[in-house]
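# Coordinates in review
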Amino acid sequence: MPEINLGIIGGGQLGSLLSVAAKKLNIKTTIYCNDIEAPAQNFCDEFIFGEYDNKEKILEFVKKVDVITYEFENIPYETLNEMNKLKSVLPKPSINRLIQHRLAEKDFVNKLNIRTTRYVSIEKKSEIETLKDYLPGILKTTTMGYDGKGQYPIEKIEDLNLLNIDFSKGYILEKLVKLKKEISVIITRFGNNNFTIYEPIENTHEDQILKHSKIPAEINEKILDQSKNWATLISEELKYIGTLCVEFFIDRNDNLYVNEIAPRVHNSGHLTINAYNISQFENHVRAVCSLEKVPLKKLSNAKMINLIGKQIEPFRQKLKLNKNEFFFDYLKKEIKEKRKMGHITTLI
Ligand code: ADP
Ligand code: MG
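Remember, it's a predicted structure, so these values are computed and weren't measured experimentally. (Residues numbered from 1 in each chain as written. Chains lettered and ligands numbered in written order. Predicted model: local features only at pLDDT ≥ 70, side-chain atom pairs only at ≥ 80, totals over all residues. Heavy atoms only, no water.)

### A short note on the overall build of the protein
As a reminder of what qualifies: Working definition: helices are DSSP H or I runs of at least four residues, strands are E runs of at least two. Numbering for both runs from the N terminus. Note on method: radius of gyration uses C-alpha positions; expected globular size equals 2.2 Å times residues raised to 0.38. When checking whether two residues touch, look at their non-hydrogen atoms; a contact exists if any pair is within 4.5 Å. Only the protein chains shown count as cover for residues, and all accessible areas are computed by the Shrake-Rupley method using a 1.4 Å probe. Neither His nor the chain ends is counted toward charge; the positive residues are Lys and Arg and the negative residues Asp and Glu. Charge coordinates come from a single atom per side chain, which is NZ of Lys, CZ of Arg, CG of Asp or CD of Glu.
For the protein, the helix and strand inventory stands at eleven helices and 18 strands. Expected size for 348 residues packed as a compact globule is a radius of gyration near 20 Å; at 20 Å, the protein falls within 12% of this value. On the principal axes, the C-alpha backbone points of the protein span a range of 60 × 50 × 45 Å. Sequence separation of 24 or more characterises 61% of the internal contacts of the protein that already satisfy a separation of 6 or more. Within the structure as shown, the protein displays about 16400 Å² of accessible surface, and the carbon and sulfur contribution to it stands at 49%. Across the protein, 51 positive and 47 negative side-chain charges occur, with their mean positions spaced 3 Å apart.

### Some details on the sheet that holds strand 6 (residues 119-122)
The pairing of strands in a sheet comes from backbone hydrogen bonds and takes either a parallel or an antiparallel form. The following threshold applies: Here, a strand pair is defined by DSSP locating no fewer than two bridges between the strands. The angle between two axes is taken between their N-to-C directions and runs from 0 to 180 degrees, where each axis is a line fitted to C-alpha atoms and a helix contributes only its stretch in contact.
If you walk across this open sheet you meet the four strands as 6-9-7-8, and the pairing is antiparallel. Among the strands making up the open sheet, the edge pair consists of strand 6 and strand 8 (151-154). The average undirected angle you get between the axes of adjacent strands in this sheet is 25°. One ladder, built from five bridges, connects strand 7 (residues 137-141) with strand 9 (residues 171-175); its direction is antiparallel. By the bridge assignment for strand 9, I138 is matched with E174. Against the sheet, helix 5 (residues 102-111) touches strand 6, strand 7, strand 8 and strand 9, its axis set at about 145° to strand 6.

### Considering the domain arrangement of the protein
Selection rule: Here the bounds of each domain stem from an automatic or database domain assignment.
According to the domain assignment, the protein consists of domain 1 (5-89), domain 2 (118-175) and domain 3 (179-347). Its C-alpha centre places domain 1 at a distance of 33 Å from the equivalent point of domain 2.

### As for the coordination of the magnesium ion (ligand 2)
Operational definition: Nitrogen, oxygen and sulfur within 2.8 Å of a metal are treated as its donors, or within 3.2 Å for sodium, potassium and calcium (Na, K, Ca); water is not counted, so a site can appear incomplete. Note on exposure labels: buried denotes an accessible area under 20% of the residue type's maximum, exposed denotes more than 50%, and partly exposed covers the range between, all computed with a 1.4 Å probe on protein chains only.
Protein-derived coordination of the magnesium ion (ligand 2) comes from E247 (OE) and E260 (OE), at a distance range of 2.0 to 2.3 Å. One end of the pair, E247, is in strand 14 (residues 242-251); the other, E260, is in strand 15 (residues 256-262), and 13 residues separate them in sequence. The exposure class assigned to E260 is partly exposed, which follows from its relative accessible area of 21%.

### Notes on the sheet that holds strand 2 (residues 28-33)
The five strands are arranged 3-2-1-4-5 in an open sheet whose pairing can be described as parallel. Two strands close off the open sheet at either side, each with one partner strand: strand 3 (46-49) and strand 5 (88-89). Pairing geometry for strand 4 (residues 67-70) and strand 5, over two bridges, is parallel. In the strand pairing of strand 5, V67 is matched with S88.

### Some points on the side chain of K181
The following threshold applies: Under this definition, polar contacts are N or O atom pairs within 3.5 Å; protein pairs additionally need one hydrogen-donor-capable and one acceptor-capable atom, and for neighbouring residues in sequence, both atoms have to be side-chain atoms.
Looking at the secondary structure, you find K181 in strand 10 (residues 179-191). Separated by 3.0 Å, the side chains of K181 and E202 make a polar contact. A polar side-chain atom of K181 sits 3.4 Å from the main-chain carbonyl oxygen of E218. Not counting chain neighbours up to four residues away, the residues in contact with K181 comprise E202, E218, I219, F248, F249 and I250.

### Comments concerning the site of ligand 1
Defined as follows: If even one non-hydrogen atom of a residue comes within 4 Å of a molecule or strand, that residue is called near it. When residues are sorted by character, Ala, Val, Leu, Ile, Met, Phe, Trp, Tyr, Cys and Pro go into the nonpolar class, Asp, Glu, Lys and Arg into the charged class, and all the rest, Gly among them, into the polar class.
Contacts to ligand 1 come from 21 residues, most closely from K140, G148, Q151, E182 and N259. R102 places a side-chain nitrogen or oxygen 3.0 Å from an oxygen atom of ligand 1. One of the side-chain nitrogen or oxygen atoms of E247 is found 3.2 Å away from an oxygen atom of ligand 1. Burial of ligand 1 by the protein amounts to 92% of the accessible area it has alone, namely 540 Å². Considered class by class, the residues forming the shell around ligand 1 number six nonpolar, seven polar and eight charged.

### Structural notes on the packing of helix 2 (residues 55-64) against helix 3 (residues 77-86)
How we decide: Roughly parallel here means an angle under 35 degrees, roughly antiparallel means over 145, roughly perpendicular means 65 to 115, and every remaining angle is called oblique. Take the far helix as the reference: if the near one is turned anticlockwise from it by less than a right angle, the crossing is left-handed, and if turned clockwise, right-handed.
Packing of helix 2 against helix 3 leaves a shortest axis separation of 10 Å and a crossing angle of 40°. In terms of their interaxial angle, helix 2 and helix 3 are classed as oblique. Both helix 2 and helix 3 take part in a crossing whose hand is right-handed. In this structure, helix 2 uses I58, L59, F61 and V62 to contact helix 3, whose residues at the interface are T79, M83 and L86. In terms of residue class, the contact of helix 2 with helix 3 is made up of six nonpolar, one polar and no charged.

### Considering the side chain of S300
Within the secondary structure, S300 sits in the loop between helix 10 (280-288) and strand 16 (302-308). Given a relative accessible area of 16%, S300 falls into the buried group. Within the structure, S300 has its side chain in polar contact with the backbone oxygen of I348 (distance 3.5 Å).

### Some details on the environment of E51
Note on placement: E51 falls in the loop between strand 3 and helix 2. Of the residues examined, E51 reaches a relative accessible area of 40% and is grouped as partly exposed. Each C-alpha atom of the pair E51 and Y32 lies 8.7 Å from the other, and the pair is 19 residues apart in sequence. Beyond its immediate stretch of four places on either side in the chain, E51 contacts Y32, N34 and I58.

Have a look at this one:
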């Protein structure tokens, strides 16, 4: 097999875990990132530091690699599109453009007759006065949000006046769902009706940041089937190549809603590294590098805990883990509040 050099945009923990998966397949990785301290430098073969609009640096990166993928969705469309003229970018830049915009993303999902939360586009503060139907709700920036950033809970119209919201940005107001549970489904698509799908994962958030994930999810058969069918339909409709995650809400009446789509590997899928023969990361690398699909086998039930901020410290000191515990340190230089520092997966 000729040597493949996989380019990855973004050098956080997802870029690191993709690099580790690629290495196992004898694929070289070159990471491009605008953070000079990006932790993925510890795991990739080559690291290029540069801004996402630095044409020269980007060209240097593109020349080195055979195919390009990314670990996060907030990359300017223009950047991906320019790269795609020279080397194939997967998933396609147009998919990323659609999904990075909450409004376009939700419109797309609804067109497939898949339920989402009720939502409305907000451009000016004045319009909100008429939107009592969507309250209590959450106001979200249409772009650039992650881990609850750019989100404001709104109980009543007056709450809006207390917030100092910058209305030069676009917003979406979403009705709050009375949540019973959150789940996610991860799917890797290799081509037409050729995909591999993991069982739904049950997720708990703290402060809008993922804290725990586990399999099996405690859900009924109908939700299990519906969530997998919806994830499959979304990936087929997008003609997606690579790993994709669909986040779902389940309300107190057992209605399923799509919350959002991540056009990439996902934090809730970290447990696939230990619980399956092929992880979400390896499957992503296989799909974007046109390698063969290997039948998926579940090895164990599992739970994963994110180590946020200082929570990593006791694990760094711990000399011995139990046989069924797997500790991952993302090797981030600085411990910051709300920063994902590592995770621990336990096979159960
Ligand atoms: P992010 O891009 O930050 O992950 P999400 O839209 O997934 O943004 O929101 C993060 C979390 O906030 C969700 O996983 C959920 O726990 C909570 N949340 C967001 N929107 C709603 C909603 N409309 N109803 C209930 N909970 C919500
Ligand atoms: Mg989310």
